[in-house]
Amino acid sequence: AQTESRQALLLYSYESDFASHNAFATMFRPELSRLFGEPIDFIEVSLQAARLNPSASKESIVNEVRSTLPRRRLDLVVPIGGPAAVFAQKYRQQLFPTTPMLLAGVDRRFVQNRALATNDTAVAVEHDPPQMIETILRLLPDTRTVFVVIGASQFEQFWLKELQRGLRRLEDRLTFIWTNALSFEQMLKGCASLPPHSAIFYGVLSSDAKGVRHTEERTMSAFHAAANAPIFGLHSTQLGHGIVGGPLLSIEDLSRNTATVAVRMLRGESPQSLTTPTQVAATPAFDGRELRRWGIGEDRLQPGSVVLFREPTAWQRYR
C-alpha cells in the first residue's frame, strides 16, 4: 500500500526569493524529506504582498492565506522569520488550530515574551548587530562612520528601533547613517560617497521608503559595485556575495537543526518537550578577496577565524 504523503506548510515572512529564507528553505526541504524517509508535500505561502499593502484588512490577509491551504489536514506548520511567526501565532485558531507548529529562524526577541502554545516549539536565533560593529572596529579601528542599510516596512521599523537601542552605547565613537527614509537609488548614492574611515552594515532591506520591494541578491550586488567602503552583514549566505565577513549566523546549521526537530514532531513527539538552544553566530568567517580589497590584514582576525575565497598571489599563480 502506498503511504499517504504528509503535508507541511512553509509560511514565509517575505517572498520566497528573500535570500536567507530562500537558502534556509532550499536546504530544509530536502533535509527534512531525507531524515523523515516518507513522502512530504510542501505548501509554500508568502506574507510579503499582504504586508506591503497598508489598506489590506486583517480579515482579508487571513482569508488570502486560508485560500492557499490544502483541503486535507496539515501535519506541520513552519513559519519562517519573525513576521510569519507573529502572524501564525496571532491567527492560529482561524487557520490551523490543532496543527503542530515549528517557528523557524525566528529571532529570540519574537518568542521570549510570547507564551508558546502547547502544540508549538521554536528553533530561535539571536541576531547581534553590536557584535558585528565590534568586529568592524577590530578590523578597521579608525572607523568613524557606519552606513546602516535598513528598509522602511513595518517589520524593518521594529529592527530600526532594536538597532538604534543596541548601538546607542557606540554613538560617542561612531556616527551612524540610517537608510530607512531613503529610496534605493538614494542609498546607492549615499554608499558611493561616504567619508574616509567608513563602513557599511547591511541589516535588512525588503522595501525602501518608496515602498519598492527589493531582493537581497540584487541589492547586495548593487551595493558592492557602488560602495566606497567595506560591507558587513549578518548571515552566512551573504559571504561570497560582497561582505567582508565576521561572526555570521549559519543558515546551513539552522536548516539542519530545524529539520531534526521537524522530524521528531512529524513522528508524534510533543512539541512542548522539544527545546532547542538559541542559535548564535558561528565561528567568524571572512572573504579573502574582500580582506585584500580593503587592505585588512589577516593578523587582525579573531583567532580561529576561517578565510574563504583566497585568491592566489602572482607568485603562487606563476612561480
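What you are looking at is a predicted structure, and each value in this text was computed from that prediction instead of being measured. (Residues numbered from 1 in each chain as written. Predicted model: local features only at pLDDT ≥ 70, side-chain atom pairs only at ≥ 80, totals over all residues. Heavy atoms only, no water.)

1. Structural notes on the side chain of Gln-238
Using the following cut-off: Put simply, DSSP marks the helices as runs of H or I at least four residues long and the strands as runs of E at least two long, and each gets a number from the N terminus on. Residues adjacent in sequence count toward polar contacts only when both atoms are side-chain atoms; beyond that, a polar contact is any pair of N or O atoms within 3.5 Å, and within protein one must be able to donate a hydrogen and the other to accept it. Here, residues are in contact when the closest pair of their heavy atoms is within 4.5 Å.
Positionally, Gln-238 belongs in the loop between strand 9 (231-232) and strand 10 (245-246). Within the local environment of Gln-238, its side chain forms a polar contact with the side chain of Glu-216, the two groups lying 3.4 Å apart. Not counting residues within four places of it along the chain, the set of residues in contact with Gln-238 comprises Tyr-202, Glu-216, Met-220, Gly-233 and Ile-243.

2. Observations regarding the sheet that holds strand 4 (residues 101-107)
Rule in force here: Strand pairing is assigned whenever DSSP detects at least two bridges linking the two strands. Helix axes use the C-alpha atoms of the stretch in contact, all axes being lines fitted to C-alpha atoms, and the angles between their N-to-C directions lie in the range 0 to 180 degrees.
Spatially, the 5 strands line up as an open sheet ordered 2-1-3-4-5, and their pairing is parallel. Each having just a single partner strand, strand 2 (40-46) and strand 5 (120-125) make up the two edges of the open sheet. Across the sheet, the axes of successive neighbouring strands diverge by a mean angle of 15 degrees, strand direction being ignored. Sheet topology places strand 4 next to strand 5; 6 bridges connect them, and they run parallel. When the sheet's bridge partners are listed, Val-106 is paired in strand 5 with Ala-124. On the sheet, helix 4 (residues 82-90) packs against strand 1 (6-12), strand 3 (76-80) and strand 4 and is oriented at approximately 145 degrees with respect to strand 4.

3. Some words on helix 7 (residues 154-166)
Put simply, the rule is: Helices are assigned an expected span. That span is 1.5 Å times one less than the residue count. With a 1.4 Å probe rolled over the protein chains alone, any residue whose accessible area is under 20% of its type maximum counts as buried; one over 50% counts as exposed, and the rest are partly exposed.
In this model, helix 7 (13 residues) spans 19 Å end to end at C-alpha, consistent with the 18 Å of a helix rising 1.5 Å per residue. Those residues of helix 7 not exposed but buried are Phe-155, Glu-156, Trp-159, Leu-160, Glu-162 and Leu-163.

4. Here we look at the nonpolar core
How we decide: In these notes, a set of buried Ala, Val, Leu, Ile, Met, Phe, Trp, Tyr and Cys residues joined through side-chain atoms within 4.5 Å is what counts as a nonpolar core.
Counting 75 residues, the largest nonpolar core has Phe-87, Phe-96, Ile-200 and Phe-223 as its most contacted members. Sequence-distant contacts of Phe-87, defined by excluding residues within four places in its chain, comprise Leu-11, Leu-47, Ile-61, Val-62, Val-65 and Leu-95. Counting 27 residues, the second largest nonpolar core, distinct from the first, contains Ile-80, Leu-102, Val-261 and Ala-262.

5. Looking at the confidence of the model for the protein chain
This is how it is decided: Across the chain, each position has a pLDDT score giving the predictor's confidence in that residue, from 0 to 100.
Confidence in the prediction of the protein chain, expressed as mean pLDDT, is 90, and 94% of residues score 70 or more. Least confident of the elements in the protein chain is helix 2 (residues 48-52), whose mean pLDDT is 54; most confident is strand 9, at 98.

6. Thoughts on the pairing of strand 8 (residues 198-204)
Taking burial as the measure, the 7 residues of strand 8 include 7 buried ones, the bulk of the element. As paired strands, strand 6 (residues 145-150) and strand 8 are joined by 6 bridges and run parallel to one another. Residue pairing in the sheet places Val-148 in a bridge with Phe-201 of strand 8. Both strand 8 and strand 9 contribute to a ladder of 2 bridges, which runs parallel. By the bridge assignment, Phe-201 is partnered in strand 9 with Phe-232.

7. Here we look at the pattern of salt bridges
Heads up, the condition is: Salt bridges are defined as contacts in which a side-chain nitrogen from Lys or Arg sits within 4 Å of a carboxyl oxygen from Asp or Glu.
Going through the model one piece at a time under the given rule, you end up with 14 salt bridges. In this structure, Glu-134 engages Arg-169 in a salt bridge whose closest nitrogen and oxygen atoms are separated by 3.2 Å. In this pair, Glu-134 sits in helix 6 (residues 129-139) while Arg-169 sits in the loop between helix 7 and strand 7 (175-178), placing the two residues 35 residues apart along the sequence. Given a relative accessible area of 52%, Arg-169 falls into the exposed group. Between Glu-269 and Arg-264 there is a salt bridge, and its shortest N-O distance comes to 3.0 Å. Overlapping salt bridges bring together Asp-107, Arg-109, Glu-162 and Arg-165 as one network.

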